[in-house]
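Descriptive analysis of the structure
Residue strings, one per chain:
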Amino acid sequence: MTKADFRAGAARAVGDVQLRSNFRRAMDGLMEKRAAQFADGEELERLRTLGESIRSRSLARLPELLVQLENNCRENGIQVHWAETAEDGNRIVLDILKRRNAKTLVKGKSMVSEEMELNHFLEAQGIETLESDLGEYIIQLAQEMPSHIVMPVIHRNTAQIAELMERKIAGVSYTENPDELCRIARKVLREKFYKADAGISGVNFAVAETGTLCLVENEGNGRMSTTAPKTHIAVMGIEKVVEHLQDVPPLLSLLTRSATGQPITTYFNMISSPRRPGEQDGPQEVHLVLLDNGRSRILADPELRPTLRCIRCGACMNHCPVYTRVGGHAYQAVIPGPIGEILTPQLRGLDVRGDMPFGSTLCNACVEVCPVRIPIVDILLRLRAEANSPEQGGSVKGAGAKREGKEAMAWKGWQAMHASGAVYNGLSRLLAKTGNMMPGSVGPLKAWTATRTKPRFAARTLHQMTRKRGIPDE
Amino acid sequence: MSERSYPERPESVYFFGTCLIDLFYPGAGMAGIELLQREGLNVIFPQAQSCCGQPAYNSGYRDEARAVARNQVRHFPKPYPVIVPSGSCASMLRNRYPGLFEGDPDEGAAVGFSKRVYELTEFLVHVLKVELTDLGPPMKVTWHGSCSMQREMGLREEPRQLLAQLGNVDLRPLERERECCGFGGTFSIKLPEISAAMAGDKAGDVERSGAEVLVSGDCGCLMNIAGTLEARGRRVAPRHIAEFLWERTHDKG
Amino acid sequence: MSDQSRNRILERMREGLQATPHPGSDFSVLAEKQWPPEARVKMLRQRLESVNGQVHLCSREGWVAELQNLLSGKAVSNLLYAPGTEHGSELERSWPGDDAGLPSLLSTMEEDVDFRERVFDVDASLTGTIGGIAETGTLILWPTPREPRLMSLAPPVHVALLDAVNIHNTFWEAINQRQWADGMPTNALLISGPSKTADIEQHLSYGVHGPKELIVLIRE
């Protein structure tokens, strides 16, 4: 596999007219729905302040809260496991499944399991995993990655889904009726829910004071996956914990309203223990896998820490003019869009994904809507500086990896021109005289002039004009 | 950011021209100076000024950005307001300098400097409270508010308030007036395909507005959108807001 | 392995955080959301109906008749219910024989029937709720041994009983007033409409995994 590169992915995507119109329409709809939910701007800002304080407090107390969560879960009968890396996490899940002799499993939507590439890992071990969120199910049929964290199959239109389901599911004939397509999926998945040996889910919030795992969803597949099979395994990033039960309602409200413009989702599922004596359903075993995978490193840097406040609503991508143009796949990362641009390079290293922080115009549309006020642009700028840092090492993995001799030289030259008034005056006058003779078809100008006219230097600089007019210099 | 308290009208101000205006749109810079002078201010233009440092800063070259920034901090020493005819450069000077100089011997000077920075339309509206009389012919105009102006400086209404004072100007809104034009500084060179797609959409929006003139407070956006329109053979004249206001309100006789 | 991982992760975090201050939280934006009781019923109803829920107001005694009325027009051949609950007993008492053209009642507590098998097979279910939430149009369920979790999920039609006096302003209020933190059940559920998805080109489809119909009887 070639190295992931946003520019290459984006260049391909931006030329795909169908894809662009699919995303534009979908994102417009999501933005409109969110705006309708937050008609009262003052309420929104107060709620954001509250949400930010809850998430910041959770992170400031993260180690204690995780220990508290662990203790309360254990007391409730939930088994807790800690994983430092994705590989550790995968192995923990596999061991649980092996002990239960589980061969088939159904999954609710979980971005952390995508991060772990859990499906891939388990398939290789001969365990059948089936995604049960409709969007994720379709993605799995297509052997694709999600293109959006909330709406994974947003890049495909109905006809493309219809064709896929006809081709991949035995006995299904082509239909573009979305209700009918849902009915087909329901039928296939019902059978699986009933028979699966284990269910896997993510976690939206974990409550330390009660040892409760919360899941947000509309379809009911999350409830199915966590209720019908005998064993339930929940995987979560360590940052997802909150201190109190009363911290949950404001975050839930911010999440669903920001994500899809719903006042709340159809289901909010709070799990605090396995099946208790006398109960007729629910799993007999519940496991919680806590995944670090680079998060504790992010936590250590106060400027980067707010990255971990994220509640995965996806509003930043819905409002991102770059994401809207290219879609999620162009990022070649589990989490695309603005939050992906800051999270992915930190988790995987700037040596691997140092390209991502540069995929932004820094327009701040994401910052404006983030329900927990993550300073995405500040963090992008910091990561750009880390990527091009003259020193290796430091708090971000792979720092300095993007620094390249030619570019560094160019910036040194730029500095020499602009750090001294005398040099600048001389060179800018020279540019006014001769700059327009530079051909538009070479160097960086080539990219510019492919779709734009060449910028024209003025005959005299403002410095020259002000001096001539006698504007005082001090 | 937007909850800023403003000083009384000063006697003297500094003018920070910005490198893009200096090299490509000096008329906009002169117009900005003249708007301020007409209000009775003594406008000072330090000849040693160059660039705010944003290109390097946004590209992750902070040492280089700081070296250039230091040159600006040092050449605006008096306690006068610093007026900047660009939302983007004003934001760099105002919002980024304190962090850029953290722990540096010039930190105190940089913080003091940043607090004195005002974007031009912000200063015209909130400090000078200018009143304009339109002397120009009827004209259809659209306004592009840059991302840094709207979201980093919190200036959405100020330029509109100024344009609204021009009686003969028919201000046409853009369909997606809050959306980025795709310039993004070096973004336009590093990710040219996306930048071009965004600029193309914005240019289409400008065309559909029916405007004869595209006004903005940021020359990077102007260069990007107008350059795209021109390459498509469209006739929409780009104007920096300072130049547009000055052209329409000064007596040419 | 897990223990060592645990300690290393915790150690890294403690080292990284040092003396980071803990910001306080002001919940007044939620606490201020207060409506009079009639407005709460109206809000809950309007919100639920906007997501395809069906809401019917009835008297404390009249709900069984209302339910019979609603089900008689549907292709529902059986109704799963929980005997031994207050509403279960009321239902048994007023339910006519099989020849009345109404669905037959199926119990959740039959000893020789596997509940899981039954719940995946029935047409409709009736459950109680412990309350509602006006702000979001939500039902609160704490499933019990008699009314298990899958009852509100597996059948295509779910009928829920809600007493108007138990409708809270907000979720936050419900949690605090009822002191949930003192003891959580195995599973606590918020249900706000029938199961739905918009995954296929944002077209809203109902009943993708859970009930296609949610019928709420509000007893005033």
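Computed from a predicted structure; not experimentally measured. (Residues numbered from 1 in each chain as written. Chains lettered and ligands numbered in written order. Predicted model: local features only at pLDDT ≥ 70, side-chain atom pairs only at ≥ 80, totals over all residues. Heavy atoms only, no water.)

**A closer look at the overall build of chain C**
Along its length, chain C carries seven helices and twelve strands. On the principal axes, the C-alpha backbone points of chain C span a range of 75 × 50 × 40 Å. Across the 220 residues of chain C, 56% fall into the buried class. For chain C, restricting intrachain contacts to residue pairs at least 6 apart in sequence, the fraction spanning at least 24 positions comes to 76%. Separation of charge centres in chain C, based on 20 positive and 30 negative side chains, amounts to 6 Å. (Helix = DSSP H or I, 4+ residues; strand = E, 2+ residues; numbered from the N terminus. Buried < 20%, exposed > 50% of the residue type's maximum accessible area, 1.4 Å probe, protein only. Contact = heavy atoms within 4.5 Å. Lys, Arg positive; Asp, Glu negative; His and termini not counted. Charge placed at Lys NZ, Arg CZ, Asp CG, Glu CD.)

**Observations concerning the pattern of salt bridges**
On inspection of all chains with the given rule, the structure shows 72 salt bridges over all chains. When the shortest N-O distance is used, the salt bridge between E70(A) and R6(C) registers 2.8 Å. Residue E70(A) is found in helix α4 (residues 62-76), and its partner R6(C) is found in helix α1 (residues 2-17); the two belong to separate chains. We classify E70(A) as buried; its relative accessible area is 1%. For R4(B), the salt bridge identified is with E122(B), shortest N-O distance 3.1 Å. Taken together, the positions of R4(B) in the segment before β1 (12-15) and E122(B) in helix α7 (residues 120-126) put the pair 118 residues apart, joining distant regions of the chain. Ionic contacts of the salt-bridge type, sharing partners, join the residues R20(A), R24(A), R325(A), E179(B) and D201(B) into one network. (Salt bridge = Lys/Arg side-chain N within 4 Å of Asp/Glu carboxyl O.)

**A look at the state of the cysteines**
All names here are of chain A. All chains considered together, the criterion is met by zero disulfides over all chains. For the unlinked cysteine C214, the closest cysteine sulfur is that of C73, found at 11 Å. Residue class for C214 comes out buried when judged on its relative accessible area of 0%. (Disulfide = S-S within 2.5 Å.)

**Regarding the interface of chain C and chain A**
In this complex, chain C contributes 75 residues to the contact, which on the side of chain A involves 98 residues. Counting each side, the surface lost to burial between chain C and chain A is near 7,400 Å², with a carbon and sulfur contribution of 57%. Inspection of the chain C/chain A interface yields seven salt bridges. Across the salt bridge formed by R12(C) and E84(A), the nearest N and O atoms sit 3.1 Å from each other. Between the two partners, chain C and chain A, sit 49 residue pairs in polar contact (both at pLDDT 80 or more). Of all the secondary structure elements, the ones that give two or more residues to the side of chain C that touches chain A are α1, α2 (28-31), α6 (115-119), α7 (171-177), β9 (187-191) and β10 (196-197) of chain C. Top element by residues in the side of chain C that touches chain A is α1(C). It accounts for eleven residues. (Buried area = accessible area lost by both parts, 1.4 Å probe. Polar contact = N/O pair within 3.5 Å; in protein donor to acceptor, adjacent residues only side chain to side chain.)

**As for the arrangement of the chains**
Inter-chain contacts occur across two pairs of chains; the most extensive set of contacts lies between chains A and C. For the non-touching pair chain B and chain C, the nearest C-alpha separation works out to 20 Å.

**Some words on helix α13 (residues 241-249) of chain B**
In terms of burial, α13(B) is largely enclosed, as seven of its nine residues are buried. Turning to α13(B), its buried residues number three or more, namely I241(B), A242(B), F244(B), L245(B), W246(B), R248(B) and T249(B).

**Comments concerning the domain arrangement of chain B**
Residues and elements named next belong to chain B. For chain B, the assigned domains read domain 1 (12-126) and domain 2 (139-249). Look at where the C-alpha atoms of domain 1 and domain 2 centre, and you get two points 22 Å apart. Contacts between the two partners involve 28 residues from domain 1, matched on the other side by 23 residues from domain 2. Together, the buried faces of domain 1 and domain 2 total about 2,200 Å²; carbon and sulfur atoms form 67% of this surface. For the pair domain 1 and domain 2, the interface holds one salt bridge. Two residues, R96 and E152, come together in a salt bridge whose shortest N-O distance is 3.8 Å. (Domains from an automatic or database assignment.)

**Quick notes on the side chain of S195(C)**
Topologically, S195(C) is positioned in the loop between β9 and β10. Here E219(A) takes part through its backbone oxygen, which lies 2.6 Å from a polar atom of the side chain of S195(C). S195(C) has contacts with N218(A), E219(A), T266(A), Y267(A), S205(C), Y206(C), G207(C), V208(C), H209(C), G210(C) and P211(C), leaving out every residue within four places of it along the chain.

**Focus on a nonpolar patch on the surface**
Residue and element names in this part refer to chain A. A surface patch of nonpolar side chains, about 220 Å² in accessible area, is lined by V423, L427 and L430. Inspection of the secondary structure assignment puts V423 in helix α21 (residues 421-434). Classification of V423 by relative accessible area gives partly exposed; the value is 35%. (Patch = residues over 30% accessible without salt bridge, like charges linked within 9 Å, V, L, I, M, F, W, Y side chains within 5 Å. Areas by Shrake-Rupley, 256 points an atom, 1.4 Å probe, with all protein chains shown as cover.)

**Brief notes about the packing of aromatic side chains**
Applying the stated criterion across every chain, the model contains 20 aromatic pairs over all chains. Here the aromatic rings of W142(C) and W180(C) are separated by 5.2 Å at their centres, their planes lie at 70°, and the arrangement is edge-to-face. Here W142(C), found in the loop between β6 (138-141) and β7 (157-163), pairs with W180(C), found in the loop between α7 and β9; they are 38 residues apart in sequence, far enough to count as distant. Taking relative accessible area as the criterion, W180(C) reaches 1% and is therefore assigned buried. Members of the aromatic cluster, joined through ring pairs, are Y14(B), F16(B), F76(B), Y80(B), Y97(B), F101(B) and F113(B). Across the ring face of W448(A), the terminal group of R452(A) is positioned such that the distance to the ring centre comes to 4.3 Å. (Phe/Tyr/Trp six-rings, centres within 6.5 Å; stacked < 30°, edge-to-face > 60°. Lys NZ or Arg CZ within 6 Å of the ring centre and 35° of its normal.)

**Considering the sheet that holds strand β12 (residues 213-219) of chain C**
Residue and element names in this part refer to chain C. Pairing is parallel in the open sheet, where six strands are placed in the order β1-β12-β7-β4-β2-β3. Two strands in the sheet have a free side with no partner beyond their single neighbour: β1 (54-58) and β3 (104-107). In this sheet, neighbouring strand axes are inclined to one another by 25° on average, regardless of whether the strands run parallel or antiparallel. Sheet strands in contact with helix α4 (residues 63-72) are β1, β2 (78-81), β4 (124-127), β7 and β12, and its direction is about 155° off that of β12. Relative to the sheet, helix α5 (residues 86-94) contacts β2, β3, β4, β7 and β12, its axis offset from that of β2 by approximately 145°. (Pairing = 2+ DSSP bridges. Axes fitted to C-alpha atoms, helices over the stretch in contact; angles between N-to-C directions.)

**A word on the interface of chain B and chain A**
Of the residues lining the interface, 72 residues belong to chain B; the matching set on chain A comes to 67 residues. Considering only the surface of chain B that becomes buried against chain A, L23(B), Q47(B) and Y61(B) emerge as the three largest contributors, covering 12% of it. At the surface where chain B touches chain A, the tally comes to 15 salt bridges. The closest approach of N and O atoms between E193(B) and R7(A), which form a salt bridge, is 2.8 Å. Between chain B and chain A we count 33 residue pairs in polar contact (both at pLDDT 80 or more) in total. With nine residues, the top contributor of residues to the side of chain B that touches chain A is helix α11 (residues 192-209) of chain B. Here the side of chain B that touches chain A is composed, by residue class, of 35 nonpolar, 21 polar and 16 charged. (Nonpolar A, V, L, I, M, F, W, Y, C, P; charged D, E, K, R; others polar.)

**Some details on the environment of V289(A)**
Residue and element names in this part refer to chain A. Structurally, V289 is set in strand β10 (residues 285-291). When the C-alpha atoms of V289 and D197 are compared, they prove to be 18 Å apart, with 92 residues separating the residues in sequence. Once residues within four sequence positions are removed from consideration, V289 is found in contact with H81, A83, G89, I92, V93, I233, A234, V235 and M236.

**Some thoughts on the packing of helix α8 (residues 134-142) of chain A against helix α9 (residues 158-168) of chain A**
All names here are of chain A. Interaxial distance between α8 and α9 falls to 10 Å at its minimum, and their mutual angle equals 65°. Considering how the two elements wind past one another, α8 and α9 form a crossing that is left-handed. For the pair formed by α8 and α9, the contact residues are I138, L141 and A142 on the first element and I161, L164, M165 and K168 on the second. Partitioning the contact of α8 with α9 into residue classes produces six nonpolar, no polar and one charged. (Left-handed = near helix turned anticlockwise from the far one by under 90°.)

**Notes on the environment of A82(C)**
Residue and element names in this part refer to chain C. Topologically, A82 is positioned in the loop between β2 and α5. The buried category is assigned to A82, whose relative accessible area is 1%. Each C-alpha atom of the pair A82 and P145 lies 9.3 Å from the other, and the pair is 63 residues apart in sequence.

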